[in-house]
Amino acid sequence: DPALRTTSTIEFTSATTYTINGAGSYTYTAGQPIPPINGVQVTISGSPAIGDTFTISDNAGGSGDNRNMLAMSDSLAKGVIDGGTTSLNNATSSLVGQIGSQTRQVQSSRDAQQIVQQEASDARDAVSGVNLDEEAANLIKYQQAYMAAAQMIRVASSLFDSLLAATGR
């Protein structure tokens, strides 16, 4: 709320009344919230004396005593899990360690399975695969056999022609 930048002062004129910035006379009940002042609502407990003042002002310099951050940091180190025996820091570290260990185990298992799969593929290919060098050698062998058979047919045809010519038919 931009109005928070405006300084306000609550001053007690008696144990049961107060003013805000010197104006008005409001009834005070211990522990009950004071109506919003410049966008902020406060609650004061106890019995104030006449002349007690409370000032609500902007922290323009942004300075403080760091107690909220220190309290948050301390809460991370206190035992709050497992019946107050484990801190959030320790629980987080343990969880990260377990996840890392399980991840490494899964990666090792995956790598082993890839090796088994590759060996199975290689064994299958060795039995059913086509070796191009072997196929080329077989093709040359069959080609030479075909040429030899064709030569035999030519020789037989020539002999047959010669026999027919000799008999004069």
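Residues numbered from 1 in each chain as written. Predicted model: local features only at pLDDT ≥ 70, side-chain atom pairs only at ≥ 80, totals over all residues. Heavy atoms only, no water.

## As for the nonpolar core
Reasoning step 1: I10, F12, Y18, I20, Y28, I34, I37 and I44 together form the largest nonpolar core, which totals eight residues.
Reasoning step 2: Secondary structure elements with two or more residues in this core: β1 (8-12), β2 (17-20) and β4 (33-37).
Reasoning step 3: Ignoring any residue separated from it by four or fewer positions in sequence, one finds Y28 in contact with F12, A15, T16, T17, Y18, I44, S45, G46 and P48. (Core = buried A, V, L, I, M, F, W, Y, C linked by side-chain atoms within 4.5 Å. Buried < 20%, exposed > 50% of the residue type's maximum accessible area, 1.4 Å probe, protein only. Helix = DSSP H or I, 4+ residues; strand = E, 2+ residues; numbered from the N terminus. Contact = heavy atoms within 4.5 Å.)

## Notes on the packing of aromatic side chains
Reasoning step 1: Inspection of the entire model under this criterion finds four aromatic pairs.
Reasoning step 2: Look at F12 and Y28: their rings are 5.0 Å apart centre to centre, the planes differ by 85°, and that puts the pair in the edge-to-face class. Here the residue F12 occupies a position in strand β1, and Y28 occupies one in the loop between β3 (23-27) and β4, the gap between them amounting to 16 residues. This pair shows no difference in class: F12 is buried, exactly as Y28 is.
Reasoning step 3: Among the aromatic residues, those joined into a cluster by ring pairs are F12, Y18, Y26, Y28 and F54. (Phe/Tyr/Trp six-rings, centres within 6.5 Å; stacked < 30°, edge-to-face > 60°.)

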